[in-house]
Amino acid sequence: MELFGDYFKQLYDTSGWNFVIFYDQVEWQRFVEAIWTTIKLIIACLIFSLIVGFVGAWAQGAQSKIVRNVIAGYIQFFRNTPPFVQILFFYFVLGNLTPSYDAGGYQEAYIGSFGWAVISLGFFAGAFNTEIFRSGIEAVPESTVEAASALGYTRLQSYIHVVFPLAFRVCLPALNNNLVNLLKTTTLAYGIAVPEMMYTANQIWSDNVNVPEMMIVLFFFYVGLVAILVYGMSRWERSMKIPGYG
Amino acid sequence: MASPSQSGNGSGTNWTPDQPMVSIKDVHKSFGDLEVLKGVSLDVMKGECICIIGPSGSGKSTLIRCVNALNDIQQGSILVEGLEVNDPNLDKLELRKKVGMVFQQYNLFPHKTAIENIMMAPITVLKQDKDEVAEHANSLIKKVRLEGKENSYPGELSGGQQQRVAIARSLAMSPDVMLFDEVTAALDPETVKEVLNTIQELAEEGMTCILVTHEMGFAREVANHIYFTDFGLIVEHGAPATFFDDAKDPRTKEFLSQIL
Amino acid sequence: MVALDHKGMSDNRTAGTSDEKVFEVLLPVARQQRSQAMIERLEGTFRLNLHPHHAIWMFLLFILAVGTAHAQAPKELISPIDALIKWSPFILWGPEGGLTGFSLNIIISFFAMLFGTIAGVALGLMQISLLLPVRTGSWIVTQFFRNSPWLVLLFTIMLLFPFEIDLGFVVIPIPDWMKAVIGFSLPVMANLSEVVRGAVRSLPSGQWESAESLAFNRRETLWMIILPQCFKRMIPPWINWYCILTMSTPLCSIMGVEESVTYTAQALNAEGDRPELLPVFYVFLLLIHFIYTYPIARWSIQLEKKFAIKL
Ligand SMILES: Nc1ncnc2c1ncn2[C@@H]1O[C@H](COP(=O)(O)OP(=O)(O)OP(=O)(O)O)[C@@H](O)[C@H]1O
Ligand SMILES: [Mg+2]
């Protein structure tokens, strides 16, 4: 670690490339915190978007035409408006309408910028997840469900043991694509000052005037994250693959 | 193995083995405006094997799907061991414990291996002990001659092998009646035989079977009784010998002349 | 990155061949699902089925926002509706009808699409080159720009690109919006590069072989036989990317480019940042983007359906 820091310090002295985060303790702290915030943001968004997708897909199978139309409208709204404006809308408009509590002298909102970023991006990606899950369920043929009920399965049992396991495998590739997109889209949280990597990098380069260096770090960070996610997902996809099928 | 006599327990019906095991009376079934079954009646005694034959669209599949309540009926009565299928309060699980069904398209669960396909329903539906189910499943694998294929996935099996897994899967529920809906129609000619052999063995062991088939030779050899359906009605029926050699109805004659 | 790419292509092929017969029941639907996923993976996005009635929901939302805001507004101040009417030309066209505001979003999207397409087609063709270094190099460039967040690319260009170019005899100034054009055209380039490569590879190899047996050279085969066949396939994803690009243009408001979001914030500021104005203005902003994007998205889906039958 010492050596590592010394190397970048020396690099700065000799070449002028200022990777301040690797030798300055304070900036390093900032950077590490940003990594955690980003990862937390990504994971929270992934989970929330999956929940939205499940609920949405379930609601799309509802009897009521109104429910189905509301879901369809939700999908179209999030699909055809800029995600960046969505995040601003959630934070400034809805954030303004939600209650706040007294945090010792000033008003603190129950849902902060991090929370609104998760909600907004979760709904954004959730709109796609809804479609993905629904088409996955539709891909399970009626006859397979019928075979289950001929074996005495109840509706719920056949969903748990037959439909979901199959539907999930069918939609996994599409789901993975969407999650990779979501990862990249979390940078939009910059717009509402969530201290994630993009935002922190901006602060660091404002303080240290090292824009190109921080840009390089940013690229490595995000391309690396995408690579890890894609690698993990495709491993998973492969392990879920049914032999002799698809 | 499934012994036909262990049935009917606790369902509170007063069926006795001398009555028909499946009794279909004046069954009417429509899909919207289309009347598919127009008053079908037939009885199947315990240990009997009957074949239903007839032209495409005559309602054969619909009829046997009604027997295990995959389709509901508008009018008439279907009694399985005294259990009324045309009853809004029907306990479907009770019915499906009695009646096994094998489909034309096998409909195996592709994400489970052969043995898992066989074991799944007894464990999840009947809540039977895992070890007992495993033992039973292994004996069924032997019965359908699929030793060595236990851990293959359906996608790795031939059509004939898949269909035999499907038969074993149904038998794992220890049913008293088996329904077969054109189970060889999707198979290559070479593999048809292995599936038919399995069914024939079942029938010879005394399993009550209702078969829909286009394999006339097989029907003649295995069936106790043949029913010919056309336009939702049973046009003619009889023992195989009389039915095939001495058909009375012109429609039956025409059908047989085309198919034989 | 590597896994993503290779998997996408190879799965696509195996799905069509070896397992086809084994599992008749589930396979056709599953294969359709899979190939759709592969297309989406190539394009890095999703396509949905749209219906005209979806637009109605947007309008209902707008009415709702306006209605609630109206009820909240204090009487002595300008009502939210009047404020919106007053400021909407500003948000749409900028001051004195200069081409800024929302119209700048569209201008940026046009130019970014133009440059992105030219560069993307070139990069895509390099990806199918016979020369290994060209192929590898263009593949790396493509993957790099595809997998970087748009905002990071945009920041890079906005901050590192000079604000003017000195050619010695003449100094060309580069306004911010032009830098934004470059920043947006990079991810478009990379994604279209994948579209081109995917379309070419989706053609059966028999096309190449029969052309070769007719003594076409590689360039002739590509330009006269392969690309004309791919062209139709590439149009729907191309339009789809245009929609995504257009919906990304508000990002450059972060760097102060005078587009619709920047002007909305300015308008709200000029009205004293009254909270009851926020919903009306932001819903208006969402709505103008929706009205522009939605018909294009619909059109792309229609085209895709049309071409799907013929191909
Ligand atoms: N779910 C359904 N909805 C509407 N009509 C149906 C449905 N199932 C079957 N039918 C119609 O009922 C009629 C009888 O169908 P059925 O499948 O019972 O015929 P089949 O005798 O089994 O024919 P095949 O030999 O071709 O299998 C057909 O006209 C068919 O179109
Ligand atoms: Mg049938």
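Residues numbered from 1 in each chain as written. Chains lettered and ligands numbered in written order. Predicted model: local features only at pLDDT ≥ 70, side-chain atom pairs only at ≥ 80, totals over all residues. Heavy atoms only, no water.

All right, on to the overall build of chain B then. Tallying secondary structure elements over chain B gives 9 helices and 10 strands in all. Whereas a compact globule of 260 residues would reach a radius of gyration of roughly 18 Å, chain B reaches 18 Å, a difference of no more than 12%. For chain B, the spread of C-alpha atoms along the three principal axes comes to 55 × 45 × 35 Å. Across the 260 residues of chain B, 57% fall into the buried class. Considering only contacts within chain B whose residues lie at least 6 apart along the sequence, 65% involve residues at least 24 apart. Carbon together with sulfur atoms contributes 46% to the accessible area of chain B, which is approximately 10,800 Å² in total. (Helix = DSSP H or I, 4+ residues; strand = E, 2+ residues; numbered from the N terminus. Rg over C-alpha atoms; globule rule 2.2 N^0.38 Å. Buried < 20%, exposed > 50% of the residue type's maximum accessible area, 1.4 Å probe, protein only. Contact = heavy atoms within 4.5 Å. Areas by Shrake-Rupley, 256 points an atom, 1.4 Å probe, with all protein chains shown as cover.)

In this section: the confidence of the model for chain B. Scored by pLDDT, chain B comes out at a mean of 89, with 95% of its residues at no less than 70. Per-residue pLDDT stays below 50 along residues 1-12 of chain B; that stretch engages in 20 contacts with residues further than four places along the chain or on separate chains. (pLDDT = per-residue confidence, 0-100.)

Residues and elements named next belong to chain A. The computed volume of the second largest pocket comes to approximately 700 Å³. Lining the second largest pocket are 22 residues; nearest its centre among them are Ala57, Ile137, Tyr159, Val163 and Phe164. Take the lining of the second largest pocket: its biggest share by element is 8 residues, from helix 7 (residues 155-185). Among the residues making up the lining of the second largest pocket, the classes are represented as 16 nonpolar, 2 polar and 4 charged. (1 Å grid on protein atoms, 1.4 Å probe; cavity = no way out; pocket = protein on both sides within 12 Å on 5 of 7 lines; lining within 4 Å. Points joined across faces, edges and corners; volume = space filled by probe spheres on them. Nonpolar A, V, L, I, M, F, W, Y, C, P; charged D, E, K, R; others polar.)

Here the focus is the site of ligand 1. Residues and elements named next belong to chain B. Near ligand 1 there are 13 residues, and of these Ser56, Gly57, Lys60, Ser61 and Thr62 occur at the shortest range. Ser58 has a polar backbone atom sitting 3.2 Å from an oxygen atom of ligand 1. One of the side-chain N or O atoms of Thr62 is found 2.4 Å from an oxygen atom in ligand 1. Within the residue set of the shell around ligand 1, elements represented by two or more residues are strand 2 (34-44) and helix 1 (60-67). At 3 residues, the largest contribution of residues to the shell around ligand 1 is made by helix 1. When grouped by side-chain class, the residues that make up the shell around ligand 1 number 4 nonpolar, 7 polar and 2 charged. (Near = heavy atom within 4 Å. Polar contact = N/O pair within 3.5 Å; in protein donor to acceptor, adjacent residues only side chain to side chain.)

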